Each structure stands twice: as structure tokens, then as C-alpha cells.
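Chain by chain, the residues run as shown.
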Amino acid sequence: MSIEIKIDPQQLRRTLEVIVGERSPFSSLRHLTAVESFIENELGSYGLKVESDYFSYRGKTFRNLIGRQGDDQRGGSMIVLGAHFDSVQGTPGADDNASGVALLLEAARLLARARLRSQVLFCAFNLEELNMIGSSYFVKKLKSAGAKIAAMISLEMVGYANPRPGSQRYPLGLKAFYPDRGDFIGVIANWNSALLLRRFARQMRQVRGLPVETLSVPGNGGLIPAVRLSDHAPFWDAGYPALMVTDTSFFRNPHYHSSTDTLETLNLDFMGKVCEGVVRAVLAL
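Everything in this summary refers to the structure shown in the same document.

For the rest of this paragraph, the subject is the sheet that holds strand 3 (residues 77–84). Strand order across the open sheet formed by 8 strands is 1-2-4-3-5-10-8-9, with mixed pairing between neighbours. The open sheet has two edge strands with one neighbour each: strand 1 (49–57) and strand 9 (212–217). Taking each pair of neighbouring strands and ignoring which way they run, the sheet shows an average axis angle of 20°. Note: strand 5 (residues 148–156) against strand 10 (residues 242–246), 5 bridges, orientation parallel. Within the sheet, the bridge partner assigned to Ser154 lies in strand 10 and is Met244.

Spelled out as C-alpha cells, the structure:
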């Protein structure tokens, strides 16, 4: 069943207004928990089956939130769309990663209306900033259950754009191959995910006014450690095809991990286009 892909930038803003604010388990557990409950309620309001995925860290219990769309067909493959909802201490975490969570929820709202061939898991991961604790736990559980994952998509900082020449930086050796303006969305894969990358990027490029740049790295990204800094990395390590959709984080955004990572720095029009591209790509998969 096809659906109309109409992104509402004001809905993205309303979601961001709820989420933005320090969300660290060490210094702002109350807001982290409030955002957790908000995500749970939102996923449930779309008609998804919502599960709490509990795990322990330093003697305390935390949880990921999983919204399931579609039937769990025996032996069938799944698509995982994920974003982390925690932030580091001292930052309101608007781009990192309230932006990814806002897109996750908007994509879930739209895709919940569709009849999909594969089951889709909408995953809000906790404690990513502590080295992907929540997603690592979830991947181990999937692997133990023998789950078949056709694609994992990590939405990691997707709200900051800067069209100024020279605003985009890169890891060593990549500058010559990519634009110097930070107005594109990046899609990053490892070689094991190369086919997924081509299919996903092809759909994202159908969105008018959204430049898309791709990167495929050897192995599991060890030669360029910066490409491993999100929840796709545990999926790479487990042998699953996975992508990171990103505005390139600290290679573009000067507010990364700082008190100035606020809602006012985000580009909602850019976010809306990225969201449309993600929804198109998931539908095609």
C-alpha cells in the first residue's frame, strides 16, 4: 500500500521542543526518563506494538524502546530504523540526537499507515553516548535469537546544515572527493552494506532539493573511527547490513557536544527533506 509522504516541519518542531534538554543518566535522569516516556506514548499512538527492552549498566536498569510495525513472519527479515535519545552532560542535545529521534517518530507515524512486506522495528536506543550500550545489548539479543536483519538504519544527527563554502570538513584523505559546503545529508556504509547503500541512496536522491553524499568503508570502519560513532556500529560488528544517515556531526556542526546545541541551530526544512528520503527508502526496501 502506498502512502502520501507529507512531512510537517511544525510537527518536527513540536517533537523537538519536548525532547531538547540535557538527557544524561548522570546529571539529568529525570528528563531522560521523561523523554523515554514521551517516545513510548508516541509510538503507541501510531498503533505500533511497543516493547521495553531492558538492560543493566553499572548496577542500574535502563531500557530501549521498540515499536513493531507488521507481523513477525517466521523466518522473515526485518528492517531496523533507530536513533538514540540520550545526550552527553552539559548539552541540550538538539542535533545530537533529538533530531534523529524526531525523524524516527515522524517516519514511524507515516509508515504505520502502510502495509509493508517486511516487519519494521522503530528503535529508540538509550546510552549511545556511553559507547552504544543500549544498541549493543539489543544486537546481542537479536543475534542470539537468529534474527534476520535486511537493513539497519541509524539516524545520527540529521538537523544541521550550512551552505557556506568551507563549512564542511572531513576525515583525513576524503576532502578531495566531497563538497566543501555542509548542505548535504551523508549516508555511510561498510563494504558488507554496499548494496543496501546503493538502494537506500537512490531513493533519498529522489527528494527535490536534498543533496546526498555516500561513503563506503572497508571492514567495520576501523580505518576511519569517526564513522563508527553511532548505533549502526554494533550491527556492523554482528555482520548485519547497516547504514548511518548523518549531517556528519562534528565535521560540520560547531555546536557538537556543547551547551549551544540548541533547537534554534537546526534547519527544519532540511530535516523534513531527510525524513522524506528515509521514508521513501524504507518503503522501497
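There's plenty left to go through after this.
What follows covers the packing of aromatic side chains. The way to describe two aromatic rings as a pair is by their centre distance and the angle between their planes. Evaluation of the coordinates by the stated rule reveals 7 aromatic pairs. When the centroid spacing of 6.2 Å and the interplanar angle of 50° are considered together, the rings of Phe235 and Tyr240 count as tilted. The ring of Tyr240 has Lys143 lying over it, and the distance from NZ or CZ to the ring centre is 4.8 Å. Lying over the aromatic face of Phe184, Arg252 brings its terminal NZ or CZ to 4.7 Å of the ring centre.

Our next topic: a positive patch on the surface. On the surface, Arg117, Arg198, Arg199 and Arg202 cluster together into a positively charged patch. Mapping Arg198 onto the fold places it in helix 5 (residues 194–204).

It is the contact of helix 1 (residues 9–19) with helix 7 (residues 268–284), at a shortest axis distance of 9 Å, that shows an interaxial angle of 105°. Put simply, helix 1 runs roughly perpendicular to helix 7. Packed against helix 1, whose contacting residues are Pro9, Leu12, Arg13 and Leu16, the element helix 7 presents Leu268, Met271 and Gly272 at the interface. Taken together, the residues of the contact of helix 1 with helix 7 sort by class into 5 nonpolar, 1 polar and 1 charged.

On to the environment of Tyr160, then. In this structure, Tyr160 sits in the loop between strand 5 and strand 6 (162–165). Residue Tyr160 is classed as buried on the basis of its relative accessible area, which comes to 10%. Those residues in contact with Tyr160 that lie beyond four places of it in its chain are Asp95, Gly182, Asp247, Arg252, Asn253, Pro254, His255, Thr265, Leu266 and Phe270.

Most peptide bonds adopt trans geometry, and most residues besides glycine take a negative phi value. Note that the residue after Asp96, namely Asn97, is joined by a cis bond; omega there is 0°. Of note, Asn97 is situated in helix 3 (residues 94–111). The phi angle at Leu127 is positive, at roughly 55°, despite the residue not being glycine. Relative to the helices and strands, Leu127 is located in the loop between strand 4 (119–125) and helix 4 (133–144). Unusually for a residue other than glycine, Asn131 sits at a positive phi of about 80°. By the element assignment, Asn131 lies in the loop between strand 4 and helix 4. Judged by its relative accessible area of 56%, Asn131 falls in the exposed class.

Turning our attention to the pairing of strand 2 (residues 60–69). The two faces of the sheet receive side chains in turn, since in a regular strand these alternate between them. Within strand 2, 8 of the 10 residues are buried, which leaves it mostly tucked inside the rest of the structure. Counting the residues between successive antiparallel strands, the hairpin from strand 1 to strand 2 contains 2 residues, one of them, Arg58, with a positive phi of roughly 50°. Two elements, strand 2 and strand 4, share 5 bridges in a ladder whose sense is antiparallel. The residue bridging Leu65 from the neighbouring strand is Ala124, located in strand 4.

So, on to the side chain of Arg252. The topology assignment puts Arg252 in the loop between strand 10 and helix 7. No salt bridge forms around the buried Arg252; measuring N to O, its nearest opposite-charge neighbour Asp247 is 5.3 Å away. Within polar-contact distance, the side chain of Arg252 engages the backbone oxygen of Asp247 at 3.1 Å. Ignoring sequence-local partners within four residues, the contact set of Arg252 consists of Tyr160, Ala161, Asn162, Ser167, Gln168, Gly182, Asp183, Phe184, Asp247 and Phe270.

Under the counting rule described, the total for this entry stands at 10 salt bridges. One salt bridge in this structure joins Arg280 and Glu276, with 3.1 Å as the shortest N-O distance. Residue Arg280 and its partner Glu276 are both found in helix 7; the two are separated by 4 residues, about one turn of the helix. Bridged by salt links that share partners, the residues Glu36, Glu40 and Arg63 form one connected network.

The rules behind each value
- Residues numbered from 1 in each chain as written.
- Predicted model: local features only at pLDDT ≥ 70, side-chain atom pairs only at ≥ 80, totals over all residues.
- Heavy atoms only, no water.
- Pairing = 2+ DSSP bridges.
- Helix = DSSP H or I, 4+ residues; strand = E, 2+ residues; numbered from the N terminus.
- Axes fitted to C-alpha atoms, helices over the stretch in contact; angles between N-to-C directions.
- Phe/Tyr/Trp six-rings, centres within 6.5 Å; stacked < 30°, edge-to-face > 60°.
- Lys NZ or Arg CZ within 6 Å of the ring centre and 35° of its normal.
- Patch = residues over 30% accessible without salt bridge, like charges linked within 9 Å, V, L, I, M, F, W, Y side chains within 5 Å.
- Areas by Shrake-Rupley, 256 points an atom, 1.4 Å probe, with all protein chains shown as cover.
- Salt bridge = Lys/Arg side-chain N within 4 Å of Asp/Glu carboxyl O.
- Lys, Arg positive; Asp, Glu negative; His and termini not counted.
- Charge placed at Lys NZ, Arg CZ, Asp CG, Glu CD.
- Parallel < 35°, antiparallel > 145°, perpendicular 65-115°, else oblique.
- Contact = heavy atoms within 4.5 Å.
- Nonpolar A, V, L, I, M, F, W, Y, C, P; charged D, E, K, R; others polar.
- Buried < 20%, exposed > 50% of the residue type's maximum accessible area, 1.4 Å probe, protein only.
- Polar contact = N/O pair within 3.5 Å; in protein donor to acceptor, adjacent residues only side chain to side chain.

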